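A closer look at the structure
Residues per chain are reported as follows:
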Amino acid sequence: MKKNRIFVLIVAAVGLLSSCLRSDDLELLRHPIHVTGSVNPEYGVPVAYGEMNINDILSRLSEQYQGIITDDEVITVQYQATGSDTIYALSNMPSFSSAPVIRQHHVGAKDEPIWYYKDTIVMDTIDVDFFNDVQLNGGIDISHIWLTLGVSAYGDLWDTLVPYIHAQFDNLSISYDDHDGVRKTFSGLSVDPVVINDITDGFERHFDSVDIARIINDMPRRVYATYRLRFQVSSDVQNSDISSLPFNQVLDSVRMTRFIYSADINLNMPLSVKFNDLSFSYNLDLGDGLAEVDLNSIGQNVSEGLSIDVDSSLLRMTLDNGIPLEMTLDAILKDANGRDLKTLFSNELVKAPVLMANPNNPLDTVAFGSSRSILETHLDADDLQLLSQAKTIKVNLKINSRNTHVSIRRDDFLKIKVFLRVHPSVAVDISLTDDGLL
């Protein structure tokens with residue numbers, strides 16, 4: 001079919017030109033026509049495209065990464081944990097026939113009630129996987145890491161007893177496991193106790209938020225909040241010390257069937273930071289993208305007589321960086337078993353964008369627009385044979401704020417486009433006619 005179209009075009013051309021041809025030119029058209037030659041077309045084969053903000057990048061640190069971002073302008077990595085426990089009275093009875101007798105006191109210092117108490121120590125734990133697969137060659141400076149602990153206490157209690165039974169959370173202390181798993185104490189902590197005078201209201205109270213930013217260079221893996229829960233009973237309804245009694249027996253003494261306490265611990269880390277050579281790595285899944293590219297078949301069916309030789313190509317990665325961090329990138333092609341196939345890029349610079357003061361907060365430095373970096377690598381014939389085996393690109397990324405404190409916003413993105421430029425050599429050897437045209 002393609003030969004017929006070419007033949008028709010040639011005949012048309014002959015018709016237009018026949019009046020201008022000399023007799024020796026016409027003689028050439030009485031012989032078989034054979035077309036030979038070569039051409040070098042260019043093909044672009046898309047490999048990958050996408051965009052990610054810093055949280056998307058960090059979510060590739062490891063499969064265990066559980067950080068989320070809040071609705072704040074500056075990306076805030078947040079970790080949460082919730083714990084609770086219920087203590088039942090020893091009798092575990094749903095109700096009692098009567099409340100304890102309330103002994104009234106006369107006004108006077110010597111007649112003020114005594115508060116008996118029963119203590120228990122509570123520890124809440126929050127896992128921080130932000131630094132799990134990170135290597136730090138320099139240092140990190142971060143404005144704040146806010147630790148917030150919300151506590152609540154609730155008890156089933158006679159209304160008349162509410163003024164005589166309280167709960168208090170106090171003696172808050174914070175410790176953490178550093179990057180090597182060594183337990184350390186966060187020192188210099190001083191917060192007011194949380195007092196719950198009505199344990200039937202069930203509302204949560206909060207310790208003062210604690211800024212633990214100075215532990216950042218230890219790259220903590222786990223943070224612990226330890227505090228004391230003190231259950232207090234007035235001598236108006238209790239006539240003896242309760243500190244040595246089992247907790248469920250204490251509940252029996254005040255006709256309480258159950259006592260519930262809980263805590264929500266939150267760690268918020270706004271990414272207003274200075275990074276010096278913070279390195280991490282992740283795998284970019286290629287799926288079947290490269291495996292489906294049959295380079296040897298490009299143009300193979302265009303026509304009989306075409307010979308195609310693909311002996312080289314160019315892999316190009318374009319990065320538009322809108323994150324206010326400079327990056328150094330290594331990339332390695334890997335097969336389905338994780339074996340290295342080809343080092344694509346090594347120690348390549350991804351430029352940071354221009355920086356400016358944040359219009360919403362002049363004290364912050366933020367990205368202005370984005371910068372473009374183009375990385376290219378040539379692939380020879382042997383490399384091309386490896387492409388069909390590639391399943392992932394292992395990316396090693398080192399980030400640096402260039403000694404500047406920057407704020408990373410939710411709409412700061414790194415956009416990546418990867419495609420393969422192929423230059424096949426196409427040799428043409430086609431017989432158009434077995435006989436001449438005239």
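None of the values given here were measured: they were computed from a predicted structure.

1. Examining the confidence of the model for the protein chain
Reading fine detail from the predicted coordinates is not recommended where pLDDT is low. When pLDDT is averaged across the protein chain, the result is 77; 69% of the residues are at 70 or more. Across residues 1-21 the pLDDT falls below 50, and counting only partners more than four positions away or on other chains, this stretch makes 15 contacts in the model. Considering only residues more than four positions removed or in separate chains, one finds that residues 33-40, a stretch of pLDDT under 50, has 25 contacts.

2. Notes on the side chain of Asn358
With respect to the secondary-structure elements, Asn358 resides in strand E22 (residues 354-358). A distance of 3.4 Å separates the side chain of Asn358 from the side chain of Glu73, its partner in a polar contact. Excluding residues that lie within four positions of it along the chain, Asn358 makes contacts with Glu73, Asp364 and Val366.

3. Description of the sheet that holds strand E26 (residues 406-407)
Pairing within the open sheet is antiparallel, and its 3 strands lie in the order E7-E16-E26. Either end of the sheet is taken by a strand with one partner, and the two such strands are strand E7 (140-142) and E26. Pairing of E7 with strand E16 (residues 272-275) involves 3 bridges; the strand directions are antiparallel. Its bridge partner lying in E16, Ile142 is registered against Val273.

4. Details of the packing of aromatic side chains
Across all of its chains, the model carries 6 aromatic pairs by this definition. Between Phe207 and Tyr227, the aromatic rings sit 6.3 Å apart at their centres with planes inclined by 55°, giving tilted as the arrangement. Within this pair, whereas Phe207 is found in the loop between strand E12 (205-206) and strand E13 (210-211), its partner Tyr227 is found in strand E14 (residues 222-234), the two being separated by 20 residues in sequence. Here Tyr227 falls in the buried class, since its relative accessible area comes to 2%. The rings of Phe231, Phe247, Phe259 and Tyr261 are connected pair by pair, giving a single aromatic cluster. Stacked on the ring of Tyr117, the Lys or Arg Arg230 has its end atom at 3.6 Å from the ring centre.

5. Overview of the pattern of salt bridges
Under the defined criterion, the tally for this structure stands at 15 salt bridges. A salt bridge links Arg316 to Glu376; the shortest N-O distance between them is 2.2 Å. Pair noted here: Arg316 is in strand E19 (residues 312-321) and Glu376 is in strand E24 (residues 371-380), with a separation of 60 residues, a long-range link. When salt bridges with common partners are traced through the structure, they connect Asp119, Asp170, Arg228 and Arg230 into a single cluster.

6. Focus on the nonpolar core
Counting 94 residues, the largest nonpolar core has Phe169, Phe231, Phe259, Leu267 and Leu329 as the members making the most contacts within it. Beyond its immediate chain neighbours, meaning those up to four positions away, Phe259 contacts Asp85, Thr86, Ile87, Ala153, Tyr154, Gly155, Ile199, Leu229, Phe231, Phe247 and Leu251.

7. Quick look at unusual backbone geometry
Of note in the backbone geometry, Asn347 takes a positive phi value of approximately 55° without being a glycine. For Asn347, the position within the fold is in strand E21 (residues 340-350). Given a relative accessible area of 58%, Asn347 falls into the exposed group. Look at Asn403: it is not a glycine, yet its phi comes out positive at around 60°. Assignment of secondary structure puts Asn403 in the loop between strand E25 (392-400) and E26. The exposed category is assigned to Asn403, whose relative accessible area is 62%.

Cut-offs applied
- Residues numbered from 1 in each chain as written.
- Predicted model: local features only at pLDDT ≥ 70, side-chain atom pairs only at ≥ 80, totals over all residues.
- Heavy atoms only, no water.
- pLDDT = per-residue confidence, 0-100.
- Contact = heavy atoms within 4.5 Å.
- Helix = DSSP H or I, 4+ residues; strand = E, 2+ residues; numbered from the N terminus.
- Polar contact = N/O pair within 3.5 Å; in protein donor to acceptor, adjacent residues only side chain to side chain.
- Pairing = 2+ DSSP bridges.
- Phe/Tyr/Trp six-rings, centres within 6.5 Å; stacked < 30°, edge-to-face > 60°.
- Buried < 20%, exposed > 50% of the residue type's maximum accessible area, 1.4 Å probe, protein only.
- Lys NZ or Arg CZ within 6 Å of the ring centre and 35° of its normal.
- Salt bridge = Lys/Arg side-chain N within 4 Å of Asp/Glu carboxyl O.
- Core = buried A, V, L, I, M, F, W, Y, C linked by side-chain atoms within 4.5 Å.

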